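Geometric and topological summary
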Amino acid sequence: MSRPPRRPIPAAVAACAAALAVTGCSADPAPAAAGTAATGAHGYVAGAEELSEPQLQLAYLDDAGAVHTLDLLTGEPAGLGEVGDVAAVDDDGRFLFAASDPAGELTVVDTGTWTVDHGDHVHYYRAPARVVGSLEWSGGVRVASSETLTALFSPDTGAGVVLDRAALGEGEVRELGTVGTAPHDGALVPLGDRLVSTGRDAVVVRDRTGEPLPGTEAACADPGGGTATRVGVVVSCGDGAVLVTEDGDGVLVERIPYPEAVAAGDRAVGLANRPGRPSVAAPAGERGVWLLDSRARTWQLLPTETPWVTAVAADDDADRVVGVDTAGRVVVLDPQAGTTAATAPLVPADRLGDVDLQVDADRTYLNVPGRDELVEVDHADGARVARTFPAAVSPVHLAETGR
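Overview of the structure. (Residues numbered from 1 in each chain as written. Predicted model: local features only at pLDDT ≥ 70, side-chain atom pairs only at ≥ 80, totals over all residues. Heavy atoms only, no water.)

**Considering the overall build of the chain**
Across its full length, the chain holds two helices and 35 strands. Put simply, 48% of the contacts in the chain that link residues at least 6 apart link residues at least 24 apart. About 15700 Å² of surface is accessible on the chain, with carbon and sulfur atoms providing 50% of the total. (Helix = DSSP H or I, 4+ residues; strand = E, 2+ residues; numbered from the N terminus. Contact = heavy atoms within 4.5 Å. Areas by Shrake-Rupley, 256 points an atom, 1.4 Å probe, with all protein chains shown as cover.)

**Quick look at the environment of Thr-216**
Examined against the element boundaries, Thr-216 turns out to sit in the loop between strand E18 (202-206) and strand E19 (218-219). Using a relative accessible area of 9% as the deciding quantity, one classes Thr-216 as buried. C-alpha of Thr-216 to C-alpha of Val-196: the two residues are 20 residues apart in sequence and 9.6 Å apart in space. Once residues within four sequence positions are removed from consideration, Thr-216 is found in contact with Val-203, Val-204, Val-205, Val-251 and Val-253. (Buried < 20%, exposed > 50% of the residue type's maximum accessible area, 1.4 Å probe, protein only.)

**Considerations on the sheet that holds E19**
Pairing within the open sheet is antiparallel, and its four strands lie in the order E16-E17-E18-E19. Edge strands, defined here as strands with exactly one partner in the open sheet, are strand E16 (188-191) and E19. In this structure, strand E17 (residues 194-198) lies alongside E18, joined through four bridges in antiparallel fashion. Following the sheet pairing, Ser-197 is matched in E18 by Val-204. (Pairing = 2+ DSSP bridges.)

**A few points about the environment of Leu-106**
Mapped onto the elements of the fold, Leu-106 is located in strand E8 (residues 105-110). In the structure, Leu-106 is positioned 17 residues away from Val-89 in sequence and 9.1 Å away in space, judged by C-alpha atoms. Contact partners of Leu-106, with chain neighbours within four places excluded, come to Phe-97, Ala-98, Ala-99, Gly-133, Ser-134, Leu-135, Trp-137, Val-141 and Leu-152.

**Observations concerning the pattern of salt bridges**
Side-chain pairing between opposite charges can occur once the charged atoms of the two side chains come close. Applying the stated criterion across every chain, the model contains 22 salt bridges. The partner of Asp-185 in a salt bridge is Arg-142, and the shortest N-O contact between them spans 2.6 Å. Remark: Arg-142 occurs in strand E12 (residues 142-145) and Asp-185 occurs in the loop between strand E15 (175-180) and E16; sequence separation between them is 43 residues. By relative accessible area, which is 32% here, Arg-142 ends up partly exposed. Between Glu-376 and Arg-363 there is a salt bridge; the shortest N-O distance is 2.9 Å. Here Arg-363 lies in strand E32 (residues 363-367) and Glu-376 lies in strand E33 (residues 373-378), a separation of 13 residues in the sequence. Glu-376 sits in the buried class, given a relative accessible area of 1%. Arg-363 sits in the partly exposed class, given a relative accessible area of 23%. (Salt bridge = Lys/Arg side-chain N within 4 Å of Asp/Glu carboxyl O.)

In structure tokens:
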């Protein structure tokens, strides 16, 4: 399928600056150890400050594209301006990618806070927020990034774009390659400097320009999205999952079948985890929740009292899963302890699909459709509602950045 044309635009273009009058991040509660990051440090960009703790914030937009942030360390709000009417938004923990179908454009916003996780050590950064640029786009958007690459995929068109992540950090949208497939519920996820790509019936590993790598294709009928874990990239398939890992100078492609036959409505579609965790989770239809451990290459079906509409694997060791059920509650499932905790109903039953659930190491955040507020839930303390924050605009799209 031919891809629609795209138009990379440097952030220095005056129109971009006018489109988003960035006010900058709130006053920085930097500890004494904070300071300007040394040039060449992992994740460094010019003007960034390296700090000793995560610079967590909530970024949210309404349908008209008004962008706002809330600093979770200080509670201070900031208005970042307008990006135009948006139909879909995704993020990678730093950048927002706001797609507008009527305008046929996708705008990239740098929220100015991010974490670089190297496993044995972590870097935390803060820099001024800004618009990076825009490119032509159609349909929804799914985003995934490694240190070197950012991959965008539209399930509505099957088109994918690969961007230079270092260039994004410097304020430029620089296209490295494209991928063209038929429309499908798929994914395009970086694995280091490679890409894991889906088609309608296969998983293919590609180089950073989007070209397929010989001998890396695996059958995957009826894909249902994919995501990165600490181990590799996992893709949901009709009969289980495909796991792609780095293996020396190459890659290893493995199949992880379901432990039993699974009806189409009970499949693990939309696998999700807290970034960098080894496990992923997804609702299992009416049966409960699926948990896939990418280290052990095993599936576990966790029964729940009510069906879930969203499930996120939250932990390394406890296998705790956080989600939203059909009663509109935030639910925390701890399979090792055999316990379940839940909030009171927070989300109207007819708006369950409009919730963006954001899970970090300690807290869970969600927008509440129809209410101009954001909710913080302590998922380690019996699903206690810890705080609510007033929102400047109706938070139709929500992301947590800086983690």
